[in-house]
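Okay, here's what each chain looks like letter by letter:
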Amino acid sequence: MMPGCCPEISVVTRVLTDRDVPLNQLEKVVPLGLADYVGRGGYRALEIASNTPPADIIKQIERSGLRGRGGAGFLTAKKWTMVYPSKGKKYLCCNAAEDEPGTFKDRYLLRVNPHQIIEGVIIAAYAIGASEAYLYINGNYKEEVAFMEQALQASKEAGFWGVPSHGGKPTAMQVVLKICKSPGTYVAGEETALLEVIEGRVAAPRQKPPYYPARRGLFGMPTAVNNVETLANVPHILREGDAWFRGIGTESATGTMIFTVTGDVCRPGLYERPLGTSLHDLIYIDAGGATDRRRLKAVFPGGPSNTLLPVDQINVPLAFDALQAAGSALGTGAVIVMDDTVCMVRIAIQYARFFNRESCGQCPPCVLGTARLAEIMEKIEAGEGTEKDVLLVGELCTMVKGRGYCYLLTGAAIAVESIFRHFRAEYDAHIVGKCRAA
Ligand SMILES: Cc1cc2nc3c(=O)[nH]c(=O)nc-3n(C[C@H](O)[C@H](O)[C@H](O)COP(=O)(O)O)c2cc1C
């Protein structure tokens, strides 16, 4: 891709682009404008949707098998079905808070093709009966927010959304779209923290139950919260059909996913691949394997809130069930690769510190749990730990899993515990003052 130009975008077949995107090209990408988007088949799905009853759109999304790309892999149609029957005011929130280490797919999607997201948001809002939709974007993504503002203005002026009674042209869909900037913290992307921010409060998750967004969401009303990439798939499904979408990927993991490969690989970047693609091939073939002809040591296949896999276990398909069977998860598709020069105790400390810093501070298990984890890890790394401290890491992780208002503490415990389980020898070596990293 030439710097400064827009990559080839196939609006028909790929959510992302026709090419992989190297990490260092990311900021050079110019967004696809409205005329080009329409010229490549954009907003055709909106036309189809406007002639389809909302319940039929949800059925089509159900048949497509689309699952959320924001971390948990929840079935999109199931979420929409929970919101759809409610009468009265409803909301849709498009989650582009994205602040997890190693994840930058949503930023790229916002940047490269904002109209694809707008089209997906309008269709989703129509399907669930939401009269208002929020594009909740990481506030540090300043350029992307500006691009999205321009795209919203252009699509509104073209009559794709809005409220006719407020003047202006007749619109395809009567929905109001607004942008809300997230504070740019990790926890602000959690779906109920998102609701708090949009309502004007600090980013702190709500307790579930009773605050499930589908029942008591934004301003107390039923709300669907979907990730940007999830919604970017929606126009493709409407335009090409659910059978086409199901034909990509595996039986239980349909469509493509955008993988962000970072760490010790030759070609870090974004790779849109069918779900079910081999993790091994993504790393060794697409991303070029380890830098400087080193040996790889371990991989986080689904971002830092999920279990790490040692390199001899990465012959696994990138699919929800396959990764679960391998003891990990697909998460956000953030593939973080480490070679044999990396000290795993050091990685565990960095993660423990990250989760501690990002804890919103409202629930004691999370504040204390993440702080204690970081503290013990630092002691071990400094060579001041004892065997008891090493055992405590494992015990603490087991104890805190499943606690706290949101998944942050569990994610921290799962990640640190997996490093501990697979690389226990490195912890033991630190106790006797030796780091075993190459
Ligand atoms: C600490 C934390 C941070 C999260 N950050 C994000 C985020 O930045 N973007 C996102 O889409 N989902 C994030 N999630 C997941 C959301 O809570 C929610 O499940 C997701 O937006 C639903 O979208 P999906 O069904 O399309 O995947 C986060 C969850 C947790 C626990």
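In case you missed it, the structure is sitting above this.
Per chain, the residues get numbers from 1 upward, laid out in the order the sequence is written. At least 70 in pLDDT is required for a residue's local features to be given in this predicted model, at least 80 for side-chain atom pairs to be given and counted, and no such filter applies to totals for whole chains, interfaces and linings, which use all residues. To get the side-chain values, take all heavy atoms of the structure and skip hydrogens and water.

Draft legend 1. Summary view of the packing of aromatic side chains. For Phe, Tyr and Trp, where Trp contributes only its six-membered ring, two rings pair if their centres lie within 6.5 Å, and the inter-plane angle classes them as stacked under 30 degrees, edge-to-face over 60, or tilted in between. In total, this model carries 10 aromatic pairs according to the counting rule given. For the pair Tyr91 and Tyr134, a centre-to-centre distance of 6.4 Å together with 45° between the ring planes defines the contact as tilted. Residue Tyr91 is found in strand β2 (residues 91–96), and its partner Tyr134 is found in strand β3 (residues 132–138); the two are separated by 43 residues along the sequence. Burial classes: relative accessible area under 20% of the type maximum marks a residue as buried, over 50% as exposed, and values in between as partly exposed (1.4 Å probe, protein chains only). Of the residues examined, Tyr91 reaches a relative accessible area of 6% and is grouped as buried. For Tyr134, a relative accessible area of 10% gives the class buried. Both rings, one in Phe300 and one in Tyr351, keep their centres 5.0 Å apart while their planes meet at 35°; by these two values the pair is tilted. Under the scheme used here, helices are H or I runs from DSSP no shorter than 4 residues and strands are E runs no shorter than 2 residues, and both carry numbers assigned from the N terminus.

Draft legend 2. Inspection of the sheet that holds strand β6 (residues 256–263) at higher detail. Strand pairing requires that DSSP identify at least two bridges connecting the strands. Taken in spatial order, the six strands make up an open sheet running β1-β7-β6-β10-β8-β9, and their pairing is mixed. For this open sheet the edge positions go to β1 (21–22) and β9 (309–310), each flanked by a neighbour on one side alone. Inspection of the sheet shows strand β8 (residues 296–300) paired to strand β10 (residues 334–339) by four bridges, in the antiparallel sense. Across the sheet, the residue bridging to Leu296 is Asp339, located in β10.

Draft legend 3. Quick look at the nonpolar core. Counting 59 residues, the largest nonpolar core has Trp80 and Leu92 as its most contacted members. Among the elements that take part in this core, helix α6 (residues 114–128) stands out by supplying nine residues, more than any other. By definition, residues are in contact when any of their heavy atoms lie within 4.5 Å. Residues in contact with Leu92, not counting those within four places in the same chain, are Val121, Ala124, Ala125, Ile128, Ala130, Glu132, Ala133, Tyr134, Ala224, Asn226 and Leu231. Among buried residues, the Ala, Val, Leu, Ile, Met, Phe, Trp, Tyr and Cys ones that are joined through side-chain atoms within 4.5 Å form a nonpolar core.

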